[in-house]
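# Coordinate inspection notes
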Amino acid sequence: MTAMRIGILALQGAFAEHAAMLERLGAAHFEIRQQRDLEQEFDGLILPGGESTVMSKLLRELGLFVPLRARIAAGLPVLGTCAGLILLAKEVDGGTPCFGTMEIRVRRNAYGRQLGSFFTHGALRGVGTVPMTFIRAPQIESVSGGAEALAEVNGAIVAARQGNQLVTAFHPELDGDLRVHSLFLAAAEQYAAVSA
């Protein structure tokens, strides 16, 4: 296996749970909290769940927005879950896009308060049936350009991919199933091999 390291955005939200999944998979990782953290080499980036508007504001205030967006646009593999999905979306219904690198339109808090959190199983293309935990989750309303839907629940798109970018509206870090993270790490390993 090619030596690789994953950066986890750790400004707010469920970053520790992603770190635990990477540890189970034997993948080296570190937290990104400030500009100097970006001086380290890394082959993949995780944008965790949390509050997308808070994360977007902090990314800009801490000087992380421009360098991270440039790396994503240049092909750095990225996994965005829940709020992380919103950060990558080109269009945000009722909100302002952050990175805007992925050709998807999303609706924040799409399930409302009554269905704010729920659990199901669903088919994820190329992976199989996986557990899906939704917490005040967004929905992908549409994909365009190079983006493709990977999973749907009740007719709504809940996972998508575009090149180096993989997003889920659910929280794969909360269910103990390692396959979504493994899919992401396969892309990061390939990136590390090319970059070496």
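Residues numbered from 1 in each chain as written. Predicted model: local features only at pLDDT ≥ 70, side-chain atom pairs only at ≥ 80, totals over all residues. Heavy atoms only, no water.

### Regarding the overall build of the protein
Broken down by element type, the protein carries 5 helices and 12 strands. Relative to the globule expectation of 16 Å for 196 residues, the C-alpha radius of gyration of the protein, 15 Å, shows essentially globular dimensions. Its C-alpha atoms give the protein principal-axis dimensions of about 45 × 35 × 30 Å. Per-residue burial for the protein yields a buried fraction of 51% across its 196 residues. Here the analysis covers contacts within the protein between residues at least 6 apart in sequence; of these, 65% occur between residues at least 24 apart. Accessible surface, the protein as shown: approximately 8700 Å² in total, 49% of it carbon and sulfur. Seen as two clouds, the 17 positive and the 19 negative side-chain charges of the protein have centres 4 Å apart. (Helix = DSSP H or I, 4+ residues; strand = E, 2+ residues; numbered from the N terminus. Rg over C-alpha atoms; globule rule 2.2 N^0.38 Å. Buried < 20%, exposed > 50% of the residue type's maximum accessible area, 1.4 Å probe, protein only. Contact = heavy atoms within 4.5 Å. Areas by Shrake-Rupley, 256 points an atom, 1.4 Å probe, with all protein chains shown as cover. Lys, Arg positive; Asp, Glu negative; His and termini not counted. Charge placed at Lys NZ, Arg CZ, Asp CG, Glu CD.)

### Here we look at the side chain of H171
Structurally, H171 can be placed in the loop between β12 (165–168) and α5 (179–195). Exposure remark for H171: the relative accessible area of 5% places this residue in the buried category. A polar contact of 2.7 Å, which involves the side chain of H171, links it to the side chain of E173. Residues within four places of H171 in sequence aside, it is in contact with G49, C82, T133 and I135. (Polar contact = N/O pair within 3.5 Å; in protein donor to acceptor, adjacent residues only side chain to side chain.)

### Observations regarding the pairing of strand β7 (residues 117–124)
In this sheet, strand β8 (residues 128–135) lies alongside β7 in antiparallel orientation, the contact comprising 8 bridges. The residue of β8 that forms the bridge with T120 is M132. Linking β7 back to β8 in an antiparallel pair, the connection comprises 3 residues, with G126 at a positive phi of about 85°. (Pairing = 2+ DSSP bridges.)

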